[in-house]
Amino acid sequence: MAFKPLHDRVLVRRVESDEKTKGGLIIPDSAKEKPAEGEIVAVGAGARDDDGDRIELDVKVGDRILFGKWSGTEVQVDGEDLLIMKESDILGIIEGTAAAAAA
């Protein structure tokens, strides 16, 4: 991928939610909301503080995150629909998903 976010921005791929409820009902596409969960695809170098020093981001490529419903700006990179957002739009990191995905 030839895209690198600037400063404290991150590039996120939405992770689709389950198509069935816990009770086994299938959710049609028209009733689904856009997921507020994603995977970090690329990160910027970090913002700068008042002294000009870089502030490292708390997230890294591969992290699974939760973000607000209206967070980010939809962009298309290499034909794929992604979101670009500031690190401050991220609500949290979902722990333990990298190990589960590798297994």
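Here's what I pulled together on the structure shown here. This is a predicted model, so every value here is computed, not measured. (Residues numbered from 1 in each chain as written. Predicted model: local features only at pLDDT ≥ 70, side-chain atom pairs only at ≥ 80, totals over all residues. Heavy atoms only, no water.)

1. Details of unusual backbone geometry
In this model, His7 sits at a positive phi of 55°, which is unusual for a non-glycine residue. Residue His7 is classed as partly exposed on the basis of its relative accessible area of 43%. A positive phi angle, close to 55°, is found at Asp78, a residue other than glycine. Residue position: Asp78 is located in the loop between strand E6 (73–77) and strand E7 (80–86). Asp78 gets classed as exposed once you look at its relative accessible area, which sits at 65%. (Buried < 20%, exposed > 50% of the residue type's maximum accessible area, 1.4 Å probe, protein only. Helix = DSSP H or I, 4+ residues; strand = E, 2+ residues; numbered from the N terminus.)

2. Things to note about the sheet that holds strand E8 (residues 90–94)
In spatial order, the strands read E6-E7-E1-E2-E5-E8; together these six strands make up an open sheet with antiparallel pairing. With one partner strand each, in any of the chains shown, E6 and E8 form the two edges of the open sheet. Between one strand and the next, the sheet's axes are offset by a mean angle of 45°, whatever the strand orientation. Pairing of E6 with E7, which is carried by five bridges, proceeds in the antiparallel orientation. In the strand pairing of E7, Glu74 is matched with Leu83. (Pairing = 2+ DSSP bridges. Axes fitted to C-alpha atoms, helices over the stretch in contact; angles between N-to-C directions.)

3. Quick look at the environment of Arg13
As for its position among the elements, Arg13 is in strand E1 (residues 9–14). Taking the C-alpha atoms as reference points, Arg13 and Ala42, 29 residues apart in sequence, are found 9.6 Å from one another. Residues within four places of Arg13 in sequence aside, it is in contact with Glu37, Gly38, Glu39, Val41, Glu80 and Leu82. In this structure the side chain of Arg13 is engaged in a polar contact, spanning 2.5 Å, whose partner is the side chain of Glu80. (Contact = heavy atoms within 4.5 Å. Polar contact = N/O pair within 3.5 Å; in protein donor to acceptor, adjacent residues only side chain to side chain.)

4. Let's talk about the environment of Arg48
Structurally, Arg48 can be placed in strand E3 (residues 47–48). Here the alpha-carbon distance between Arg48 and His7, two residues 41 residues apart in the chain, equals 7.8 Å. Among all residues touching Arg48, those that are not within four sequence positions of it are Asp53, Arg54 and Ile55. At 2.7 Å, the side chain of Arg48 and the backbone oxygen of Gly52 are in polar contact.

5. Quick look at the nonpolar core
Judged by nonpolar contacts, Val10, Val12, Ile40, Val43, Leu57, Val59, Ile65, Phe67, Leu83, Met85 and Ile90 together constitute the single largest core of 11 residues. Among the elements of the structure, E1, strand E2 (37–43), strand E5 (64–67) and E7 are those that each provide at least two residues to this core. Discounting residues that sit within four places of it in the chain, Ile65 has contacts with Val12, Ala36, Glu37, Gly38, Ile40, Val59, Ile90, Gly92, Ile93 and Ile94. Leu11, Val77, Leu82 and Ile84 belong to the second-largest nonpolar core, a separate cluster that totals six residues. (Core = buried A, V, L, I, M, F, W, Y, C linked by side-chain atoms within 4.5 Å.)

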